[in-house]
Protein chains: 2
Amino acid sequence: MNILLTNDDGILAPGLNALYQIFSKDHQVTVVAPDREKSAVGHGITLNHPIRVSQVKLPDGKTGYAVAGTPVDCVKLAFLELLAVKPDIVISGINRGANLGVNLNYSGTVAAAREASLYQIPSIAASVQGQKGGDFPGAARYIYHLSQETLKKGLQQHTFLNVNFPALPFSEITGVRICRLGLSFPDEYLDRRKDPRDRTYYWHGCEFRTKDTDPSIDGAAVDRNYISITPVKCDMTDYDAMPSIEAWETVNLPATLDN
Amino acid sequence: MNILLTNDDGILAPGLNALYQIFSKDHQVTVVAPDREKSAVGHGITLNHPIRVSQVKLPDGKTGYAVAGTPVDCVKLAFLELLAVKPDIVISGINRGANLGVNLNYSGTVAAAREASLYQIPSIAASVQGQKGGDFPGAARYIYHLSQETLKKGLQQHTFLNVNFPALPFSEITGVRICRLGLSFPDEYLDRRKDPRDRTYYWHGCEFRTKDTDPSIDGAAVDRNYISITPVKCDMTDYDAMPSIEAWETVNLPATLDN
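These figures come from a predicted structure and were not determined experimentally. (Residues numbered from 1 in each chain as written. Chains lettered and ligands numbered in written order. Predicted model: local features only at pLDDT ≥ 70, side-chain atom pairs only at ≥ 80, totals over all residues.)

Within chain A, the secondary structure is distributed over six helices and eleven strands. Taking 259 residues into account, the globule formula puts the C-alpha radius of gyration at 18 Å, and chain A, at 20 Å, falls close to it. In terms of principal-axis extent, the alpha carbons of chain A reach across some 70 × 55 × 45 Å. Counting every position in chain A, which comprises 259 residues, the buried fraction comes to 55%. Here the contacts in chain A between residues at least 6 apart in sequence split such that 75% fall between residues at least 24 apart. (Helix = DSSP H or I, 4+ residues; strand = E, 2+ residues; numbered from the N terminus. Rg over C-alpha atoms; globule rule 2.2 N^0.38 Å. Buried ≥ 20, exposed ≤ 12 C-beta atoms within 10 Å, placed from the backbone. Contact = placed C-beta atoms within 7 Å.)

All names here are of chain B. If you walk across this open sheet you meet the nine strands as S3-S4-S2-S1-S5-S6-S7-S11-S8, and the pairing is mixed. Across the chains shown, the open sheet's two edge strands, defined by having one partner strand only, are strand S3 (53-57) and strand S8 (175-178). Neighbouring strand axes in the sheet, compared pairwise and without regard to direction, differ in orientation by 25 degrees on average. Strand direction decides the pairing type here: strand S6 (residues 123-128) and strand S7 (residues 159-165), joined by five bridges, are parallel. Each bridged residue has a counterpart across the sheet, and for Ala125 the counterpart in S7 is Asn162. (Pairing = 2+ DSSP bridges. Axes fitted to C-alpha atoms, helices over the stretch in contact; angles between N-to-C directions.)

A few words on the relation of the copies chain B and chain A. When chain B is fitted to chain A, the best match, at an RMSD of 0.0 Å, comes from turning it 180 degrees and sliding it 0.0 Å along the axis. A rotation of that kind, with that shift, is consistent with a two-fold axis. When C-alpha positions in chain B are compared against the rotation axis, the closest is assigned to Gly42 of chain B, at 2.8 Å. Of the interface residues in chain B, 99% have counterparts in chain A that sit at the interface too, so the contact is made through matching surfaces. (Least-squares fit on C-alpha atoms with pLDDT ≥ 70 in both.)

Let us now look at unusual backbone geometry. Backbone torsion omega between Gly93 of chain A and Ile94 of chain A reads -10 degrees, so that peptide bond is classified as cis. By the element assignment, Ile94 of chain A lies in strand S5 (residues 89-96). At His158 of chain B, a position not held by glycine, the phi torsion is positive, near 70 degrees. The topology assignment puts His158 of chain B in the loop between helix H4 (136-153) and S7. Since 17 C-beta atoms lie within 10 Å of it, His158 of chain B is described here as partly exposed.

Of the residues lining the interface, 70 residues belong to chain B; the matching set on chain A comes to 69 residues. Elements supplying a minimum of two residues to the side of chain B that touches chain A: helix H2 (71-82), helix H3 (108-118), H4, S8, strand S9 (188-194), strand S10 (200-206), strand S11 (226-233) and helix H6 (242-246) of chain B. With six residues, the single largest contributor to the side of chain B that touches chain A is H4 of chain B. Across the side of chain B that touches chain A, the residue classes break down as 39 nonpolar, 16 polar and 15 charged. (Nonpolar A, V, L, I, M, F, W, Y, C, P; charged D, E, K, R; others polar.)

Turning to the pairing of strand S3 (residues 53-57) of chain A, a few remarks are in order. All names here are of chain A. When S3 meets strand S4 (residues 63-67), the two strands line up antiparallel, connected through five bridges. The residue bridging Gln55 from the neighbouring strand is Tyr65, located in S4. Hairpin geometry of S3 and S4 is characterised by an intervening segment of five residues between the two adjacent antiparallel strands and by a positive phi of about 95 degrees at Gly61.

The next point concerns the sheet that holds strand S7 (residues 159-165) of chain A. All names here are of chain A. Read across the open sheet, the nine strands follow the order S3-S4-S2-S1-S5-S6-S7-S11-S8; overall the sheet is mixed. Both edges of this open sheet fall to S3 and strand S8 (175-178), since each of them pairs with a single strand only. In this sheet, adjacent strand axes meet at a mean angle of 25 degrees when their direction is disregarded. Against the sheet, helix H2 (residues 71-82) touches strand S1 (2-6), strand S2 (28-34), S3, S4 and S5, its axis set at about 135 degrees to S2. Docked against the sheet, helix H3 (residues 108-118) engages S1, S5, strand S6 (123-128) and S7, running at close to 170 degrees with respect to S6.

This brings us to helix H1 (residues 14-23) of chain B. Within the sequence span of H1 of chain B, burial applies to Gly15, Leu16, Ala18, Leu19, Tyr20 and Phe23 of chain B. Structurally, H1 of chain B contributes buried residues whose contacts are with strand S1 (2-6), strand S2 (28-34), strand S5 (89-96), S6 and H4 of chain B.

What follows concerns the environment of Lys194 of chain A. Residues and elements named next belong to chain A. Its location among the elements puts Lys194 in strand S9 (residues 188-194). Overall, Lys194 belongs to the exposed group, with 9 C-beta atoms counted inside 10 Å. Residues in contact with Lys194, not counting those within four places in the same chain, are Arg199 and Thr200.

All right, on to the nonpolar core then. The biggest cluster of nonpolar side chains holds 79 residues, and the ones touching the most others in it are Leu19, Ile124, Ala139 and Ile143 of chain A. Tallying contributions element by element places helix H4 (residues 136-153) of chain A first for this core, with seven residues. Setting aside chain neighbours within four positions, we find Ile143 of chain A in contact with Leu19, Ile91, Ile124, Ala126 and Val163 of chain A. Core analysis: the next-biggest nonpolar cluster, separate from the first, contains 78 residues, Ala116, Ile124, Ala126 and Tyr226 of chain B among them. (Core = buried A, V, L, I, M, F, W, Y, C linked by C-beta atoms within 7 Å.)

Now for the environment of Pro14 of chain B. Residue and element names in this part refer to chain B. Structurally, Pro14 is set in helix H1. For Pro14, a count of 13 C-beta atoms within 10 Å gives the class partly exposed. Taking C-alpha positions, Pro14 is 30 Å from Tyr202, a pair spaced 188 residues apart along the chain. In this view, Pro14 contacts Gly133 and Phe136; residues no more than four positions away in its chain are not counted.

This part covers the packing of H2 of chain B against H3 of chain B. All names here are of chain B. At a minimum axis separation of 8 Å, H2 and H3 run at an interaxial angle of 30 degrees. Between H2 and H3, the crossing angle belongs to the class labelled roughly parallel. Here the hand of the crossing between H2 and H3 comes out right-handed. Of the residues in H3, those in contact with Pro71, Val72, Cys74, Val75 and Lys76 of H2 are Gly108, Thr109, Ala111, Ala112, Glu115 and Ala116. Across the contact of H2 with H3, the residue classes break down as seven nonpolar, two polar and two charged. (Parallel < 35°, antiparallel > 145°, perpendicular 65-115°, else oblique. Left-handed = near helix turned anticlockwise from the far one by under 90°.)

Honestly, that's just the spatial picture; any functional story needs more than this.
Here you go:
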(Lines give C-alpha, C1' and ligand atoms only; values in the text may rest on other atoms or scores of the structure.)
Protein backbone atom coordinates (compact mmCIF):
# COMPACT_ATOMS: atom_id res chain seq x y z
CA MET A 1 0.00 0.00 0.00
CA ASN A 2 0.92 3.65 -0.40
CA ILE A 3 0.49 5.40 2.94
CA LEU A 4 0.61 9.12 3.71
CA LEU A 5 1.43 9.96 7.31
CA THR A 6 0.87 13.39 8.81
CA ASN A 7 0.06 14.91 12.20
CA ASP A 8 -0.22 18.20 14.09
CA ASP A 9 2.51 17.59 16.69
CA GLY A 10 5.25 18.12 14.11
CA ILE A 11 7.31 15.79 11.93
CA LEU A 12 9.66 14.72 14.74
CA ALA A 13 6.89 13.75 17.18
CA PRO A 14 7.11 10.25 18.69
CA GLY A 15 3.51 9.36 17.75
CA LEU A 16 4.23 9.87 14.06
CA ASN A 17 7.50 7.99 14.38
CA ALA A 18 5.69 5.02 15.94
CA LEU A 19 3.39 4.86 12.89
CA TYR A 20 6.34 5.22 10.55
CA GLN A 21 8.22 2.34 12.21
CA ILE A 22 5.39 -0.11 11.78
CA PHE A 23 3.96 0.93 8.40
CA SER A 24 7.33 1.27 6.66
CA LYS A 25 8.17 -2.39 7.32
CA ASP A 26 5.99 -3.56 4.45
CA HIS A 27 4.39 -0.49 2.84
CA GLN A 28 5.46 2.53 0.83
CA VAL A 29 5.24 5.40 3.35
CA THR A 30 5.49 9.13 2.67
CA VAL A 31 5.64 11.57 5.57
CA VAL A 32 4.39 15.13 4.99
CA ALA A 33 3.94 16.87 8.34
CA PRO A 34 4.24 20.31 9.94
CA ASP A 35 7.80 21.40 10.76
CA ARG A 36 6.68 22.23 14.32
CA GLU A 37 3.75 21.72 16.66
CA LYS A 38 0.51 22.97 15.09
CA SER A 39 -2.06 21.95 17.68
CA ALA A 40 -5.55 23.48 17.70
CA VAL A 41 -5.26 25.09 14.28
CA GLY A 42 -8.43 23.28 13.25
CA HIS A 43 -9.00 22.95 9.52
CA GLY A 44 -7.09 26.18 8.82
CA ILE A 45 -4.99 26.64 5.69
CA THR A 46 -2.20 29.12 4.96
CA LEU A 47 -3.23 31.87 2.53
CA ASN A 48 -1.51 35.01 3.80
CA HIS A 49 2.11 33.94 3.60
CA PRO A 50 3.92 31.54 1.31
CA ILE A 51 4.30 27.90 2.33
CA ARG A 52 7.82 26.44 2.56
CA VAL A 53 8.71 22.75 2.41
CA SER A 54 12.02 21.28 3.56
CA GLN A 55 13.28 17.73 3.39
CA VAL A 56 14.27 16.12 6.67
CA LYS A 57 15.92 12.78 7.49
CA LEU A 58 13.64 10.24 9.11
CA PRO A 59 15.00 7.66 11.58
CA ASP A 60 15.74 5.07 8.86
CA GLY A 61 17.57 7.58 6.67
CA LYS A 62 14.68 8.12 4.24
CA THR A 63 13.35 11.60 3.50
CA GLY A 64 10.24 13.24 4.93
CA TYR A 65 8.70 16.58 4.01
CA ALA A 66 8.50 19.20 6.78
CA VAL A 67 5.96 21.90 5.95
CA ALA A 68 5.86 25.41 7.42
CA GLY A 69 2.09 25.28 7.54
CA THR A 70 -0.94 23.53 8.99
CA PRO A 71 -1.81 19.82 8.90
CA VAL A 72 -4.38 20.54 6.16
CA ASP A 73 -1.69 22.40 4.16
CA CYS A 74 0.38 19.18 4.44
CA VAL A 75 -2.39 17.04 2.96
CA LYS A 76 -3.03 19.50 0.11
CA LEU A 77 0.71 19.72 -0.63
CA ALA A 78 1.00 15.93 -0.64
CA PHE A 79 -1.97 15.43 -2.97
CA LEU A 80 -1.42 18.39 -5.29
CA GLU A 81 2.37 18.57 -5.46
CA LEU A 82 4.57 16.06 -3.66
CA LEU A 83 3.07 12.62 -4.34
CA ALA A 84 3.20 11.09 -7.82
CA VAL A 85 0.08 9.02 -7.02
CA LYS A 86 -2.64 9.47 -4.44
CA PRO A 87 -2.11 7.29 -1.35
CA ASP A 88 -4.36 4.33 -0.54
CA ILE A 89 -4.92 5.71 2.94
CA VAL A 90 -3.91 8.71 5.06
CA ILE A 91 -3.09 8.27 8.75
CA SER A 92 -2.91 11.39 10.93
CA GLY A 93 -1.24 11.18 14.34
CA ILE A 94 -0.68 9.56 16.64
CA ASN A 95 -1.53 12.69 18.56
CA ARG A 96 -0.25 13.33 22.05
CA GLY A 97 -3.53 14.10 23.82
CA ALA A 98 -7.03 12.83 23.05
CA ASN A 99 -9.22 14.32 20.30
CA LEU A 100 -12.73 13.69 21.53
CA GLY A 101 -16.16 15.27 21.20
CA VAL A 102 -16.18 19.03 20.62
CA ASN A 103 -12.39 18.98 20.35
CA LEU A 104 -12.75 17.51 16.85
CA ASN A 105 -13.40 21.11 15.81
CA TYR A 106 -10.06 22.42 17.07
CA SER A 107 -7.85 19.45 16.27
CA GLY A 108 -5.34 19.70 13.44
CA THR A 109 -4.87 15.92 13.62
CA VAL A 110 -8.54 15.33 12.84
CA ALA A 111 -8.58 18.10 10.22
CA ALA A 112 -5.85 16.36 8.21
CA ALA A 113 -7.89 13.15 8.15
CA ARG A 114 -11.02 15.13 7.22
CA GLU A 115 -9.16 16.83 4.36
CA ALA A 116 -8.12 13.44 2.97
CA SER A 117 -11.72 12.26 3.25
CA LEU A 118 -12.93 15.36 1.37
CA TYR A 119 -10.52 14.24 -1.37
CA GLN A 120 -12.18 10.81 -1.17
CA ILE A 121 -9.05 9.12 0.18
CA PRO A 122 -9.73 6.79 3.15
CA SER A 123 -8.27 8.17 6.35
CA ILE A 124 -7.85 7.65 10.07
CA ALA A 125 -7.05 10.17 12.82
CA ALA A 126 -5.40 8.61 15.87
CA SER A 127 -4.75 10.09 19.32
CA VAL A 128 -3.66 8.90 22.74
CA GLN A 129 -5.15 10.39 25.89
CA GLY A 130 -2.89 12.38 28.21
CA GLN A 131 -0.01 14.72 27.59
CA LYS A 132 2.53 11.97 28.30
CA GLY A 133 1.40 9.96 25.32
CA GLY A 134 0.67 6.42 26.51
CA ASP A 135 1.74 3.41 24.44
CA PHE A 136 2.53 4.80 20.97
CA PRO A 137 4.00 1.54 19.60
CA GLY A 138 0.96 -0.44 20.79
CA ALA A 139 -1.44 2.15 19.38
CA ALA A 140 0.49 2.23 16.09
CA ARG A 141 0.22 -1.55 15.80
CA TYR A 142 -3.54 -1.31 16.31
CA ILE A 143 -3.85 1.44 13.70
CA TYR A 144 -1.84 -0.73 11.29
CA HIS A 145 -4.41 -3.53 11.57
CA LEU A 146 -7.38 -1.14 11.59
CA SER A 147 -6.16 0.58 8.42
CA GLN A 148 -5.99 -2.73 6.60
CA GLU A 149 -9.50 -3.66 7.70
CA THR A 150 -10.74 -0.17 6.78
CA LEU A 151 -9.51 -0.66 3.22
CA LYS A 152 -10.88 -4.22 3.07
CA LYS A 153 -14.35 -3.45 4.44
CA GLY A 154 -14.56 0.08 3.06
CA LEU A 155 -16.21 3.23 4.37
CA GLN A 156 -18.68 5.50 2.62
CA GLN A 157 -17.07 8.35 0.72
CA HIS A 158 -16.65 11.43 2.91
CA THR A 159 -16.55 9.39 6.12
CA PHE A 160 -13.35 8.75 8.07
CA LEU A 161 -12.42 7.20 11.41
CA ASN A 162 -11.40 9.04 14.57
CA VAL A 163 -9.64 6.73 17.02
CA ASN A 164 -8.63 7.49 20.61
CA PHE A 165 -6.58 5.32 22.92
CA PRO A 166 -6.51 5.49 26.73
CA ALA A 167 -3.12 6.33 28.27
CA LEU A 168 -2.31 2.72 29.15
CA PRO A 169 0.01 -0.03 27.97
CA PHE A 170 -1.89 -1.66 25.11
CA SER A 171 -2.25 -4.96 27.03
CA GLU A 172 -4.23 -3.18 29.76
CA ILE A 173 -6.85 -1.72 27.40
CA THR A 174 -10.31 -3.17 28.07
CA GLY A 175 -11.64 -3.28 24.51
CA VAL A 176 -12.94 -1.20 21.63
CA ARG A 177 -16.18 0.77 21.39
CA ILE A 178 -17.82 2.36 18.35
CA CYS A 179 -18.89 5.71 19.77
CA ARG A 180 -20.75 8.87 18.92
CA LEU A 181 -19.06 12.21 19.55
CA GLY A 182 -19.77 14.03 22.79
CA LEU A 183 -21.21 17.53 22.44
CA SER A 184 -20.64 18.80 25.97
CA PHE A 185 -17.87 21.31 26.60
CA PRO A 186 -15.12 20.56 29.04
CA ASP A 187 -14.80 23.40 31.58
CA GLU A 188 -12.81 26.12 29.88
CA TYR A 189 -11.67 29.59 30.83
CA LEU A 190 -9.53 32.49 29.76
CA ASP A 191 -6.75 33.05 32.24
CA ARG A 192 -6.36 36.84 32.52
CA ARG A 193 -2.84 38.05 33.36
CA LYS A 194 -0.86 41.29 33.34
CA ASP A 195 2.46 41.68 31.55
CA PRO A 196 5.31 43.74 33.13
CA ARG A 197 3.92 46.82 31.36
CA ASP A 198 0.58 46.27 33.16
CA ARG A 199 -1.21 45.31 29.97
CA THR A 200 -3.75 42.49 30.03
CA TYR A 201 -3.34 39.28 28.08
CA TYR A 202 -5.15 35.95 28.08
CA TRP A 203 -4.28 32.26 27.89
CA HIS A 204 -6.94 29.82 26.83
CA GLY A 205 -7.20 27.01 29.35
CA CYS A 206 -9.47 24.02 29.84
CA GLU A 207 -10.00 20.88 31.82
CA PHE A 208 -9.34 17.82 29.72
CA ARG A 209 -11.79 15.69 31.67
CA THR A 210 -15.00 14.98 29.74
CA LYS A 211 -18.34 15.54 31.46
CA ASP A 212 -19.93 12.73 29.44
CA THR A 213 -20.70 9.56 31.34
CA ASP A 214 -22.75 7.61 28.75
CA PRO A 215 -20.28 4.94 27.53
CA SER A 216 -21.63 5.24 23.96
CA ILE A 217 -19.90 8.67 23.89
CA ASP A 218 -16.25 8.76 22.86
CA GLY A 219 -14.81 10.57 25.88
CA ALA A 220 -16.63 8.37 28.38
CA ALA A 221 -15.44 5.21 26.62
CA VAL A 222 -11.78 6.31 26.73
CA ASP A 223 -12.17 7.25 30.40
CA ARG A 224 -13.26 3.65 31.01
CA ASN A 225 -10.10 2.36 29.34
CA TYR A 226 -11.66 1.51 25.99
CA ILE A 227 -10.34 2.48 22.56
CA SER A 228 -13.06 4.68 21.01
CA ILE A 229 -13.66 4.64 17.26
CA THR A 230 -16.06 7.18 15.76
CA PRO A 231 -16.99 7.30 12.08
CA VAL A 232 -16.98 11.02 11.22
CA LYS A 233 -18.93 12.60 8.36
CA CYS A 234 -17.69 15.45 6.21
CA ASP A 235 -21.25 16.48 5.28
CA MET A 236 -22.40 18.94 7.97
CA THR A 237 -25.87 19.54 6.47
CA ASP A 238 -28.67 19.13 9.02
CA TYR A 239 -31.11 17.41 6.65
CA ASP A 240 -33.75 16.96 9.36
CA ALA A 241 -33.97 20.72 9.90
CA MET A 242 -34.53 21.58 6.25
CA PRO A 243 -38.28 20.99 5.79
CA SER A 244 -39.41 23.23 8.66
CA ILE A 245 -37.18 26.11 7.55
CA GLU A 246 -38.69 25.88 4.05
CA ALA A 247 -41.89 27.30 5.55
CA TRP A 248 -40.32 30.35 7.19
CA GLU A 249 -41.53 33.78 6.09
CA THR A 250 -38.03 35.10 5.42
CA VAL A 251 -37.44 32.18 3.08
CA ASN A 252 -40.33 33.37 0.97
CA LEU A 253 -38.93 36.88 0.60
CA PRO A 254 -41.79 38.95 2.02
CA ALA A 255 -42.25 42.61 1.27
CA THR A 256 -41.04 43.52 4.76
CA LEU A 257 -37.49 42.80 3.62
CA ASP A 258 -37.46 46.01 1.63
CA ASN A 259 -37.28 47.97 4.89
CA MET B 1 -32.18 41.48 22.02
CA ASN B 2 -28.52 41.11 22.96
CA ILE B 3 -26.54 40.48 19.78
CA LEU B 4 -22.89 39.47 19.45
CA LEU B 5 -21.32 40.33 16.10
CA THR B 6 -18.06 38.83 14.90
CA ASN B 7 -16.38 37.93 11.60
CA ASP B 8 -13.11 36.81 10.05
CA ASP B 9 -12.46 39.83 7.83
CA GLY B 10 -11.49 41.98 10.82
CA ILE B 11 -13.33 44.44 13.01
CA LEU B 12 -13.20 47.28 10.47
CA ALA B 13 -14.63 45.26 7.56
CA PRO B 14 -17.65 46.75 5.75
CA GLY B 15 -19.73 43.56 6.06
CA LEU B 16 -19.56 43.69 9.85
CA ASN B 17 -20.26 47.41 9.81
CA ALA B 18 -23.39 46.83 7.71
CA LEU B 19 -24.69 44.41 10.35
CA TYR B 20 -23.79 46.83 13.13
CA GLN B 21 -25.66 49.71 11.46
CA ILE B 22 -28.92 47.81 11.22
CA PHE B 23 -28.87 45.77 14.45
CA SER B 24 -27.75 48.64 16.69
CA LYS B 25 -30.84 50.69 15.78
CA ASP B 26 -33.04 48.74 18.17
CA HIS B 27 -30.88 46.08 19.83
CA GLN B 28 -27.98 45.85 22.28
CA VAL B 29 -25.01 45.00 20.07
CA THR B 30 -21.52 43.94 21.17
CA VAL B 31 -18.75 43.59 18.59
CA VAL B 32 -15.87 41.19 19.34
CA ALA B 33 -13.90 40.55 16.17
CA PRO B 34 -10.34 39.88 15.00
CA ASP B 35 -8.10 42.94 14.82
CA ARG B 36 -7.14 42.00 11.24
CA GLU B 37 -8.20 39.64 8.48
CA LYS B 38 -8.26 36.04 9.68
CA SER B 39 -9.64 34.22 6.65
CA ALA B 40 -9.27 30.44 6.27
CA VAL B 41 -8.16 29.85 9.85
CA GLY B 42 -10.98 27.34 10.23
CA HIS B 43 -12.03 26.51 13.77
CA GLY B 44 -8.51 27.18 15.08
CA ILE B 45 -7.87 28.69 18.51
CA THR B 46 -4.79 30.43 19.88
CA LEU B 47 -2.88 28.31 22.41
CA ASN B 48 0.78 29.03 21.74
CA HIS B 49 0.87 32.76 22.34
CA PRO B 50 -1.15 35.02 24.61
CA ILE B 51 -4.31 36.65 23.29
CA ARG B 52 -4.56 40.47 23.43
CA VAL B 53 -7.77 42.49 23.30
CA SER B 54 -7.95 46.19 22.49
CA GLN B 55 -10.91 48.52 22.47
CA VAL B 56 -11.66 50.32 19.21
CA LYS B 57 -14.13 53.05 18.30
CA LEU B 58 -17.01 51.90 16.12
CA PRO B 59 -18.66 54.30 13.62
CA ASP B 60 -21.25 55.54 16.15
CA GLY B 61 -18.63 56.20 18.84
CA LYS B 62 -19.40 53.06 20.84
CA THR B 63 -16.65 50.60 21.73
CA GLY B 64 -15.86 47.30 20.06
CA TYR B 65 -13.34 44.66 21.08
CA ALA B 66 -10.54 43.91 18.62
CA VAL B 67 -8.90 40.56 19.35
CA ALA B 68 -5.42 39.48 18.26
CA GLY B 69 -6.71 35.98 17.58
CA THR B 70 -9.06 33.85 15.53
CA PRO B 71 -12.85 34.23 15.11
CA VAL B 72 -13.35 31.30 17.51
CA ASP B 73 -11.08 33.01 20.05
CA CYS B 74 -13.41 36.02 19.74
CA VAL B 75 -16.50 33.97 20.57
CA LYS B 76 -14.81 32.28 23.54
CA LEU B 77 -13.55 35.64 24.83
CA ALA B 78 -17.01 37.16 24.49
CA PHE B 79 -18.75 34.29 26.29
CA LEU B 80 -16.13 33.59 28.97
CA GLU B 81 -14.81 37.08 29.71
CA LEU B 82 -16.23 40.17 28.00
CA LEU B 83 -20.02 39.79 28.09
CA ALA B 84 -21.92 40.04 31.36
CA VAL B 85 -24.72 37.88 29.92
CA LYS B 86 -24.74 35.44 27.04
CA PRO B 87 -26.18 36.97 23.84
CA ASP B 88 -29.55 35.90 22.40
CA ILE B 89 -27.92 35.29 19.04
CA VAL B 90 -24.48 35.48 17.41
CA ILE B 91 -24.10 36.77 13.85
CA SER B 92 -20.80 36.16 12.06
CA GLY B 93 -20.00 38.15 8.92
CA ILE B 94 -21.00 39.44 6.57
CA ASN B 95 -18.03 37.83 4.89
CA ARG B 96 -16.53 39.18 1.70
CA GLY B 97 -16.59 36.02 -0.43
CA ALA B 98 -18.96 33.07 -0.30
CA ASN B 99 -18.64 30.25 2.24
CA LEU B 100 -20.15 27.29 0.46
CA GLY B 101 -19.78 23.51 0.45
CA VAL B 102 -16.32 22.22 1.41
CA ASN B 103 -15.24 25.76 2.22
CA LEU B 104 -17.23 25.54 5.46
CA ASN B 105 -14.22 23.64 6.76
CA TYR B 106 -11.76 26.50 6.14
CA SER B 107 -14.00 29.45 6.94
CA GLY B 108 -13.39 31.44 10.10
CA THR B 109 -16.77 33.12 9.59
CA VAL B 110 -18.58 29.80 9.78
CA ALA B 111 -16.36 28.57 12.64
CA ALA B 112 -17.44 31.50 14.83
CA ALA B 113 -21.10 30.62 14.26
CA ARG B 114 -20.35 26.93 14.94
CA GLU B 115 -18.58 27.83 18.20
CA ALA B 116 -21.65 29.77 19.36
CA SER B 117 -23.84 26.80 18.45
CA LEU B 118 -21.57 24.46 20.42
CA TYR B 119 -22.28 26.81 23.36
CA GLN B 120 -25.99 26.39 22.55
CA ILE B 121 -26.41 30.02 21.51
CA PRO B 122 -28.38 30.45 18.25
CA SER B 123 -26.15 31.69 15.45
CA ILE B 124 -25.97 32.64 11.80
CA ALA B 125 -22.96 32.85 9.49
CA ALA B 126 -23.47 35.23 6.54
CA SER B 127 -21.37 35.73 3.40
CA VAL B 128 -21.65 37.49 0.07
CA GLN B 129 -20.24 35.93 -3.09
CA GLY B 130 -17.35 37.65 -4.85
CA GLN B 131 -14.34 39.52 -3.56
CA LYS B 132 -16.04 42.87 -4.19
CA GLY B 133 -18.71 42.14 -1.63
CA GLY B 134 -22.09 42.74 -3.27
CA ASP B 135 -24.89 44.52 -1.41
CA PHE B 136 -23.84 44.47 2.26
CA PRO B 137 -26.65 46.77 3.49
CA GLY B 138 -29.29 44.68 1.67
CA ALA B 139 -27.81 41.43 2.98
CA ALA B 140 -27.61 42.88 6.51
CA ARG B 141 -31.29 43.83 6.35
CA TYR B 142 -32.16 40.27 5.34
CA ILE B 143 -30.04 38.80 8.16
CA TYR B 144 -31.81 41.16 10.58
CA HIS B 145 -35.21 39.68 9.64
CA LEU B 146 -33.88 36.12 9.45
CA SER B 147 -32.32 36.36 12.93
CA GLN B 148 -35.66 37.42 14.39
CA GLU B 149 -37.46 34.53 12.71
CA THR B 150 -34.70 32.14 13.81
CA LEU B 151 -35.30 33.09 17.44
CA LYS B 152 -39.07 32.96 17.02
CA LYS B 153 -39.23 29.60 15.25
CA GLY B 154 -36.18 28.09 16.92
CA LEU B 155 -33.55 25.64 15.74
CA GLN B 156 -32.45 22.39 17.36
CA GLN B 157 -29.53 22.78 19.73
CA HIS B 158 -26.19 22.40 17.98
CA THR B 159 -27.61 23.50 14.62
CA PHE B 160 -26.93 26.92 13.09
CA LEU B 161 -27.61 28.64 9.77
CA ASN B 162 -25.11 29.31 7.01
CA VAL B 163 -26.38 31.99 4.61
CA ASN B 164 -24.83 33.04 1.30
CA PHE B 165 -25.90 35.93 -0.92
CA PRO B 166 -25.16 36.33 -4.63
CA ALA B 167 -23.08 39.41 -5.58
CA LEU B 168 -26.10 41.43 -6.69
CA PRO B 169 -28.13 44.39 -5.49
CA PHE B 170 -30.69 42.86 -3.12
CA SER B 171 -33.59 43.78 -5.40
CA GLU B 172 -32.14 41.61 -8.20
CA ILE B 173 -31.93 38.44 -6.08
CA THR B 174 -34.27 35.73 -7.40
CA GLY B 175 -35.29 34.17 -4.09
CA VAL B 176 -34.17 31.94 -1.23
CA ARG B 177 -33.37 28.23 -1.26
CA ILE B 178 -32.83 25.86 1.67
CA CYS B 179 -29.80 23.91 0.45
CA ARG B 180 -27.56 21.05 1.36
CA LEU B 181 -23.80 21.62 1.33
CA GLY B 182 -21.83 20.70 -1.77
CA LEU B 183 -19.05 18.17 -1.26
CA SER B 184 -17.17 18.65 -4.53
CA PHE B 185 -13.86 20.49 -4.48
CA PRO B 186 -13.33 23.59 -6.56
CA ASP B 187 -10.21 23.21 -8.73
CA GLU B 188 -7.29 24.02 -6.48
CA TYR B 189 -3.54 24.05 -6.90
CA LEU B 190 -0.30 25.02 -5.24
CA ASP B 191 1.45 27.72 -7.20
CA ARG B 192 5.18 26.88 -7.03
CA ARG B 193 7.52 29.87 -7.23
CA LYS B 194 11.18 30.68 -6.57
CA ASP B 195 12.31 33.48 -4.28
CA PRO B 196 15.39 35.64 -5.19
CA ARG B 197 17.57 33.14 -3.32
CA ASP B 198 16.28 30.39 -5.64
CA ARG B 199 14.35 28.68 -2.86
CA THR B 200 10.93 27.20 -3.61
CA TYR B 201 7.76 28.46 -1.98
CA TYR B 202 4.07 27.85 -2.59
CA TRP B 203 0.87 29.84 -2.66
CA HIS B 204 -2.41 28.04 -2.26
CA GLY B 205 -4.77 28.96 -5.08
CA CYS B 206 -8.21 27.85 -6.18
CA GLU B 207 -11.04 28.56 -8.54
CA PHE B 208 -14.02 29.99 -6.68
CA ARG B 209 -16.50 28.57 -9.16
CA THR B 210 -18.43 25.59 -7.81
CA LYS B 211 -18.70 22.44 -9.94
CA ASP B 212 -22.11 21.65 -8.48
CA THR B 213 -25.08 22.15 -10.77
CA ASP B 214 -27.91 20.59 -8.73
CA PRO B 215 -29.84 23.65 -7.46
CA SER B 216 -30.48 21.92 -4.12
CA ILE B 217 -26.75 22.42 -3.44
CA ASP B 218 -25.67 25.71 -1.88
CA GLY B 219 -23.09 26.79 -4.46
CA ALA B 220 -25.35 26.06 -7.41
CA ALA B 221 -28.21 28.03 -5.83
CA VAL B 222 -26.04 31.12 -5.30
CA ASP B 223 -24.73 30.82 -8.87
CA ARG B 224 -28.37 31.03 -9.98
CA ASN B 225 -28.84 34.25 -8.02
CA TYR B 226 -30.61 32.72 -5.03
CA ILE B 227 -29.79 33.28 -1.39
CA SER B 228 -28.79 29.86 -0.02
CA ILE B 229 -29.56 28.91 3.57
CA THR B 230 -28.14 25.68 4.97
CA PRO B 231 -28.84 24.38 8.47
CA VAL B 232 -25.47 23.09 9.70
CA LYS B 233 -25.01 20.44 12.40
CA CYS B 234 -22.26 20.46 15.00
CA ASP B 235 -22.53 16.69 15.50
CA MET B 236 -20.19 15.07 12.95
CA THR B 237 -20.91 11.46 13.98
CA ASP B 238 -21.80 9.23 11.02
CA TYR B 239 -24.50 7.25 12.82
CA ASP B 240 -25.35 5.20 9.73
CA ALA B 241 -21.81 3.83 9.55
CA MET B 242 -21.69 2.65 13.16
CA PRO B 243 -23.48 -0.75 13.00
CA SER B 244 -21.31 -2.23 10.25
CA ILE B 245 -18.07 -1.19 11.95
CA GLU B 246 -19.25 -2.90 15.16
CA ALA B 247 -18.71 -6.22 13.36
CA TRP B 248 -15.11 -5.56 12.29
CA GLU B 249 -12.43 -7.94 13.54
CA THR B 250 -10.20 -5.16 14.85
CA VAL B 251 -13.11 -3.88 16.93
CA ASN B 252 -13.19 -7.21 18.72
CA LEU B 253 -9.48 -7.06 19.66
CA PRO B 254 -8.22 -10.28 18.08
CA ALA B 255 -5.02 -11.98 19.10
CA THR B 256 -3.31 -10.75 15.91
CA LEU B 257 -3.04 -7.30 17.49
CA ASP B 258 -0.30 -8.54 19.78
CA ASN B 259 2.07 -8.67 16.79
